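# Report on the structure
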Amino acid sequence: MLRGLFNSVQIAVGAFGIGLLIGTGGAYGKLYGGPVMRDLLEVYTTIVRAVPELVLILLLYFAGTDLINRVLEAMGYARIDVNGLVAGIWVLAFVQGAYATEVIRGAILSVPQGQIEAARAYGMSPGMMLRRITLPAMLPFAIPGLANLWLIATKDTALLAIVGFNELTQETRTAAGQTKAYFTFFMAAGALYLALTLVSNVIIARIERWSRRGTPSVAGGGR
Amino acid sequence: MSPSTAEAESGAAEAIHIEQLHKKFGDLHVLKGVSLSARDGDVVAIIGGSGSGKSTLLRCINCLENPTSGVIRVNGEEIKLKADSHGHTVPADRRQIERIRSKLGMVFQNFNLWSHMTLIENVIEVPVHVLGVKRDKAIATAEALLDRVGLADKRDVYPAFMSGGQQQRGAIARALAIQPRVMLFDEPTSALDPELVGEVLKVIADLAEEGRTMILVTHEMKFAREVATHVVYLYNGLIEEEGPPEQIFGAPKSERLKQFISNIH
Ligand SMILES: Nc1ncnc2c1ncn2[C@@H]1O[C@H](COP(=O)(O)OP(=O)(O)OP(=O)(O)O)[C@@H](O)[C@H]1O
Ligand SMILES: [Mg+2]
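Rules used in this analysis
Residues numbered from 1 in each chain as written. Chains lettered and ligands numbered in written order. Predicted model: local features only at pLDDT ≥ 70, side-chain atom pairs only at ≥ 80, totals over all residues. Heavy atoms only, no water. Helix = DSSP H or I, 4+ residues; strand = E, 2+ residues; numbered from the N terminus. Contact = heavy atoms within 4.5 Å. Lys, Arg positive; Asp, Glu negative; His and termini not counted. Charge placed at Lys NZ, Arg CZ, Asp CG, Glu CD. Buried < 20%, exposed > 50% of the residue type's maximum accessible area, 1.4 Å probe, protein only. Salt bridge = Lys/Arg side-chain N within 4 Å of Asp/Glu carboxyl O. Core = buried A, V, L, I, M, F, W, Y, C linked by side-chain atoms within 4.5 Å. Pairing = 2+ DSSP bridges. Axes fitted to C-alpha atoms, helices over the stretch in contact; angles between N-to-C directions. 1 Å grid on protein atoms, 1.4 Å probe; cavity = no way out; pocket = protein on both sides within 12 Å on 5 of 7 lines; lining within 4 Å. Points joined across faces, edges and corners; volume = space filled by probe spheres on them. Nonpolar A, V, L, I, M, F, W, Y, C, P; charged D, E, K, R; others polar. Buried area = accessible area lost by both parts, 1.4 Å probe. Polar contact = N/O pair within 3.5 Å; in protein donor to acceptor, adjacent residues only side chain to side chain. Patch = residues over 30% accessible without salt bridge, like charges linked within 9 Å, V, L, I, M, F, W, Y side chains within 5 Å. Areas by Shrake-Rupley, 256 points an atom, 1.4 Å probe, with all protein chains shown as cover. Parallel < 35°, antiparallel > 145°, perpendicular 65-115°, else oblique. Left-handed = near helix turned anticlockwise from the far one by under 90°. Near = heavy atom within 4 Å.

### Quick notes on the overall build of chain A
Per the secondary structure count, chain A includes eight helices and zero strands. Reading chain A from its N terminus to its C terminus gives the helix and strand order α-α-α-α-α-α-α-α. Each principal axis of the C-alpha distribution contributes one length, and for chain A these read about 65 × 55 × 25 Å. By sequence separation, contacts in chain A at least 24 residues apart represent 77% of the contacts at least 6 residues apart. Across chain A, the 18 positively charged side chains and the 12 negatively charged ones have centroids separated by 10 Å.

Okay, structure coming up:
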């Protein structure tokens, strides 16, 4: 089971990280991209957020691996066994990316326009503006949404059980099936998910405090 | 329109030169052929009613707004413009614009300090990351500048924890840190509580005193009269009258300008 937990965390971290990259690019494309880019991204975020994740995972996992193999065969290579871990990460990242796009887009829109204008007025290039100003300035607005996404990522790894991947839930099912102690094992699995969330919360709170270092607290009373 | 003869005779180099500048926002024709020039050491005050195009004129100088037509030269270098696929005029060379911008110290009405950086980080940001100045050197310069605007003790404070007047003085230090050829001010005191206006105006007056080239959009007529070497009255997208402050405020010719001045007082 601990091996399952480890796998789950690994997938969640990978999916969340790649999802963040997709989300940042997606948000930028949606805000500043050309009309075609915007439409494509709109289709992406709408569809991914509309279709149940379970369906998406089945679709992307089976269709995705099948597609890769067909392409490989067509190019004259042998079929490969797609690594479950890698596939799981990419499938979840694809889903996470759609949500992250919307979270980050909203956060960028919340950055006072004047700060971005000041960066332009002082001759920053678009790339530097993104790195130095826009992303750090939007962080306080994005953290709550991204924190939710992270927690969803940890739990969505359970969905990968249906494609036979040995993450936490799947390992639990196996163990429970062998010993017939279903209640004990699923309680334990639940406790592990809870522990993961609690640890996450502590880390998120730290990151949030750091990202809001330039913002007076709502409650008043300085920093 | 030519610069006043007194300025032309001084022989100082031309820092800003604007010729027949037009700016349209869609169908709205905001600037209708404005020409203006500032030589080194000039303090040009732009005055005029709300919506007359003062901010737009200032923002065209560093291409925060793209002019629809006209010529803009900064330090003798003409900003290259081209038409994009929609027929809008846009900068032809992004790097040229970035280079020109990094020589113009812009101070905004709403300060626009970067909220995720402390004051000193704000001041060294552009020197270090855009101009490539060494970090310790930039910090030393920044500390001297903060001292100068009276904010040495706010060095490590985030903008949201400072008063408006302090933020604006900090923003002026940020502008000075790039060693600008020209300072551009867009109503630097109109977002401030009345009791904070004085401290900011004093800093700006000191800069004028030491001969900095500045273009200043302002509603503070008394201040404009004291510090400006040249005053431009903008009405409805055109220069209605311009000249030395004594003339503009003491003996205005245009009826509209007379009216404008008497309304302000
Ligand atoms: N980005 C924009 N899009 C459309 N119209 C604009 C834009 N910026 C300014 N305008 C319009 O251009 C005109 C001139 O605006 P500008 O801000 O230059 O006036 P101003 O002289 O600075 O006025 P104020 O004293 O109120 O600041 C106004 O009618 C304004 O509504
Ligand atoms: Mg204005």
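### Some remarks on the side chain of K154 of chain B
All names here are of chain B. Tracing the backbone shows K154 in the loop between α5 (135-148) and α6 (164-177). Among buried Asp, Glu, Lys and Arg side chains, K154 stands out as unpaired, with D153 the closest opposite charge at 4.7 Å. In this structure, K154 is in contact with L119, M162 and Q166, ignoring residues within four places of it in sequence.

### Quick look at the nonpolar core
Counting residues in each nonpolar core, the largest one holds 104 residues, and the members touching the most others are I16, I172 and I215 of chain B. Take this core: its biggest share by element is 14 residues, from helix α6 (residues 126-156) of chain A.

### Some remarks on unusual backbone geometry
A positive phi angle, close to 65 degrees, is found at K180 of chain A, a residue other than glycine. Following the sequence through the fold, K180 of chain A ends up in the loop between α7 (168-179) and α8 (182-211). Overall, the relative accessible area of 62% leaves K180 of chain A in the exposed class. Residue C63 of chain B is not a glycine yet carries a positive backbone phi of 60 degrees. With respect to the helices and strands, C63 of chain B occurs in the loop between α2 (54-61) and β4 (69-74). Since its relative accessible area comes to 2%, C63 of chain B is described here as buried.

### Describing the sheet that holds β4 of chain B
Within a sheet, neighbouring strands are paired by backbone hydrogen bonds and run either parallel or antiparallel to one another. Residue and element names in this part refer to chain B. Taken together, the four strands give an open sheet; going across it, the order is β2-β1-β4-β5, and neighbouring strands pair in antiparallel fashion. Two strands close off the open sheet at either side, each with one partner strand: β2 (28-39) and β5 (77-78). Bridge count between β4 and β5: two bridges; the pairing is antiparallel. In the strand pairing of β5, V74 is matched with E77. Across the face of the sheet, α2 comes into contact with β1 (14-25), β2 and β4 while running at roughly 120 degrees to β1.

### Digging into the layout of surface pockets
One number sums up the size of the largest pocket: a volume of about 470 Å³. Lining the largest pocket are 19 residues; nearest its centre among them are Y32, I116, R120, P126 and M129 of chain A. Elements that contribute at least two residues to the lining of the largest pocket include exactly α1 (2-32), α4 (84-110), α5 (113-121) and α6 of chain A together with α3 (94-101) of chain B. Looking at side-chain class alone, the lining of the largest pocket contains 12 nonpolar, two polar and five charged residues.

### Focus on the pairing of strand β12 (residues 238-243) of chain B
Residues and elements named next belong to chain B. Bridging between strand β11 (residues 230-235) and β12 involves five bridges; their strand directions are antiparallel. Paired with V232 across the two strands is E242, which belongs to β12. From the end of β11 to the start of β12, which pair antiparallel, there are two residues, and N236 there has a positive phi angle of about 55 degrees.

### Re the interface of chain A and chain B
Contact residues are listed per partner, giving 23 residues for chain A and 31 residues for chain B. Across the chain A to chain B interface the summed buried area is about 2,400 Å²; carbon plus sulfur atoms make up 58%. At the junction of chain A and chain B, the tally comes to two salt bridges. Of the charged contacts in the structure, one is a salt bridge between E117 of chain A and R59 of chain B, with a shortest N-O distance of 2.8 Å. Run the count over chain A and chain B and you get 11 residue pairs in polar contact (both at pLDDT 80 or more).

### Looking at a nonpolar patch on the surface
Taken together, the side chains of L54, V55, L58, F62 and I162 of chain A define a hydrophobic patch exposed on the protein surface, amounting to about 410 Å² of accessible area. Mapped onto the secondary structure, L58 of chain A falls in helix α3 (residues 53-74).

### Description of the packing of α1 of chain A against helix α2 (residues 35-50) of chain A
All names here are of chain A. Their axes nearest at 8 Å, the elements α1 and α2 cross at an angle of 130 degrees. In terms of orientation, α1 lies oblique with respect to α2. Crossing of α1 against α2: the hand is left-handed. Seen from α1, the contacting residues are I22, G26, G29, K30, L31 and Y32; seen from α2, they are M37, R38, L41, E42, Y44 and T45. Looking at the contact of α1 with α2 residue by residue, the class counts come to six nonpolar, three polar and three charged.

### Regarding the pairing of β4 of chain B
Residue and element names in this part refer to chain B. Across five bridges, the pairing between β1 and β4 is antiparallel. The residue bridging H22 from the neighbouring strand is S69, located in β4. Joining the antiparallel neighbours β4 and β5 is a turn of two residues, in which N75 adopts a positive phi near 55 degrees.

### Focus: the site of ligand 1
All names here are of chain B. The environment of ligand 1 is formed by 13 residues, the closest being S50, G51, K54, S55 and T56. Within the backbone of S52, an N or O atom sits 3.2 Å from an oxygen atom of ligand 1. Burial of ligand 1 by the protein amounts to 60% of the accessible area it has alone, namely 640 Å². Taken together, the elements giving at least two residues each to the shell around ligand 1 come down to β2 and α2. A per-element tally of the shell around ligand 1 places α2 first, with three residues.

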